[in-house]
Amino acid sequence: MLSSELAELAGVTVRTLRHYHQIGLLAEPPRSAGGYRRYDVGHLVRLLRITRLTALGVPLSALPPVLDDPGAAEQLLEELDRQAAAEIERFTARRASIAVLRRTGSPPDLPPELAAFRSAPEPAVPATMARYEHEQLLLVGHLLGEAGHAELIALLSAGTATVAPLTARFYALDSDTPDDEVAALIDDLVAHLEPMVARLTALPAIDRRASALVDELGEHNLRPVQHRVLRRVEQRLIRSDGS
């Protein structure tokens, strides 16, 4: 039979046949006087074995020993089963995450456990600030890693009840805000955050580059006066030992 006939019978393409020849999985058949490859049933049987094994997930590089030694299949099947189980676990976890996102309406680009702490744009929360909160949670969550999410959530939860008025004052800051109001806000923010310093030290440490990225995000998204306030609050919260 010709290449096209063999490919049709096996359910593959002629290009696939040529590839198998190139990598040595399928022996080259003799050619006719006209130069055409002439395949027999032996080629078809081997090709069917190849397609069956690849459908199970066996990589082409692992096929030669399995095709030539049936005893080599047991160990390979055990590894394939382990890989399949791991893949099922990943997909199950993915579906669970998708279900939470659909149920809560959380944005898909933010871990659901952190999305609860973001503000949705509304009259009291400018869209620019809501976007900044969203991006800040995304960045800090990534920099801390999944291991740090529990500590971050505990920290955010501890200040949720009393932070709203301070947040509203922070969002309202602009170049026209009187200096005494700015100074008062800094004092109030420090007073609010000081009891939480111990929780801050419980968070996984981030390196200087990561800290600079968080600061850069604020610089890009906040008004200059807002960024200065955050810097000043941070400086006042730093302990004398530099921690």
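Residues numbered from 1 in each chain as written. Predicted model: local features only at pLDDT ≥ 70, side-chain atom pairs only at ≥ 80, totals over all residues. Heavy atoms only, no water.

Undergrad: What am I meant to see in the side chain of His21 here?
TA: Within the fold, His21 resides in helix H2 (residues 14-22). On the accessibility criterion, His21 (9% relative accessible area) is buried. In contact with His21, other than residues within four places in its own chain, are Leu26, Ala27, Glu28, Pro29, Arg37 and Tyr39. (Helix = DSSP H or I, 4+ residues; strand = E, 2+ residues; numbered from the N terminus. Buried < 20%, exposed > 50% of the residue type's maximum accessible area, 1.4 Å probe, protein only. Contact = heavy atoms within 4.5 Å.)

Undergrad: Would you mind showing me how to read H2 here?
TA: Helical periodicity: at 3.6 residues per turn, an α-helix aligns residues three or four positions apart in one direction. Listing the buried residues of H2 in full gives Leu17, Tyr20 and His21. For H2, the buried positions fall inside an angular range of 105 degrees around the axis, keeping them on one side. Of the exposed residues in H2, those oriented more than 90 degrees away from the buried face are Arg15 and Gln22. The inward-facing, buried residues of H2 contact helix H1 (3-10) and helix H3 (41-55). Of the residues flanking the end of H2, it is Gly24, one or two places downstream, whose phi is positive at about 85 degrees. (Arc of directions from axis to C-beta.)

Undergrad: Can you help me understand the layout of surface pockets in this one?
TA: Regions of empty space are outlined by a rolling probe, equal in size to a water molecule, passed over the atoms. In this structure, the second largest pocket occupies an estimated 170 Å³ of space. Around the second largest pocket, the lining residues are Asp174, Ser175, Thr177, Asp179, Val182, Ile186, Arg223, Pro224, Val225, Arg228, Val229 and Arg232. Elements that contribute at least two residues to the lining of the second largest pocket include exactly helix H9 (179-193) and helix H12 (224-237). By residue number, the principal contributor to the lining of the second largest pocket is H12, which donates five residues. (1 Å grid on protein atoms, 1.4 Å probe; cavity = no way out; pocket = protein on both sides within 12 Å on 5 of 7 lines; lining within 4 Å. Points joined across faces, edges and corners; volume = space filled by probe spheres on them.)

Undergrad: Is there a simple way to think about the packing of H1 against H3 in this case?
TA: If you want to describe how two helices pack, look at the angle between their axes and the distance between the axes. Across the interface, H1 lies against H3 with an axial gap of 10 Å and an inter-helix angle of 45 degrees. What the angle tells us is that H1 and H3 run oblique. Here H1 and H3 pass one another in a crossing that is right-handed. For the pair H1 and H3, contact is made by Leu6, Leu9 and Ala10 and by His43, Leu44, Leu47, Leu48 and Thr51, respectively. When its residues are assigned to classes, the contact of H1 with H3 shows six nonpolar, two polar and no charged. (Axes fitted to C-alpha atoms, helices over the stretch in contact; angles between N-to-C directions. Parallel < 35°, antiparallel > 145°, perpendicular 65-115°, else oblique. Left-handed = near helix turned anticlockwise from the far one by under 90°. Nonpolar A, V, L, I, M, F, W, Y, C, P; charged D, E, K, R; others polar.)

Undergrad: Can you help me understand the pattern of salt bridges in this one?
TA: Pairs can form between side chains of opposite charge once their charged atoms are near each other. One pass over the structure, following the stated rule, counts six salt bridges. Notably, a salt bridge pairs Glu135 with Arg131, separated by 4.0 Å at the nearest N-O pair. Note that Glu135 and Arg131 are positioned in helix H7 (residues 127-144) at a spacing of four residues, about one turn of the helix. With relative accessibility at 29%, the residue Glu135 sits in the partly exposed group. By relative accessible area, which is 41% here, Arg131 ends up partly exposed. A salt bridge links Asp188 to Arg169, with the shortest nitrogen-to-oxygen separation between them at 2.8 Å. Taken together, the residues span a long stretch of sequence, with Asp188 in helix H9 and Arg169 in helix H8 (residues 149-171) at a distance of 19 residues. Judged by its relative accessible area of 35%, Arg169 falls in the partly exposed class. (Salt bridge = Lys/Arg side-chain N within 4 Å of Asp/Glu carboxyl O.)

Undergrad: Would you mind going over the nonpolar core with me for this structure?
TA: Within soluble globular proteins, side chains that are nonpolar generally end up buried alongside one another. With 20 residues, the main nonpolar core has Phe170, Leu173, Val229 and Val233 as its most contacted residues. Every element with two or more residues in this core is listed here: H7, H8, H9 and H12. The greatest single-element share of this core, amounting to five residues, is contributed by H9. Setting aside its immediate chain neighbours within four residues, Phe170 contacts Leu185, Leu222, Gln226, Val229 and Leu230. One finds Tyr20, Tyr39, Leu47 and Leu76 within the second-largest nonpolar core, a separate group that totals 18 residues. (Core = buried A, V, L, I, M, F, W, Y, C linked by side-chain atoms within 4.5 Å.)

Undergrad: Sorry if this is basic, but what is going on with the packing of H7 against helix H11 (residues 208-221) here?
TA: In the contact formed by H7 and H11, the axes pass within 10 Å of each other and the chain directions differ by 170 degrees. When the axes of H7 and H11 are compared, the pair comes out roughly antiparallel. For the pair formed by H7 and H11, the contact residues are Met129, Arg131, Tyr132, Glu135, Gln136, Leu139, Val140 and Leu143 on the first element and Ala210, Leu213, Val214, Leu217, Gly218 and Asn221 on the second.

Undergrad: Sorry if this is basic, but what is going on with the environment of Arg31 here?
TA: Relative to the elements of secondary structure, Arg31 occurs in the loop between H2 and H3. Sequence-wise, Arg31 and Leu2 are 29 residues apart; in three dimensions their C-alpha atoms are separated by 9.8 Å. Ignoring anything within four residues of it in the chain, the contact list for Arg31 reads Tyr36, Arg37 and Arg38. Only 2.7 Å separates the side chain of Arg31 from the backbone oxygen of Gly35, close enough to count as a polar contact. (Polar contact = N/O pair within 3.5 Å; in protein donor to acceptor, adjacent residues only side chain to side chain.)

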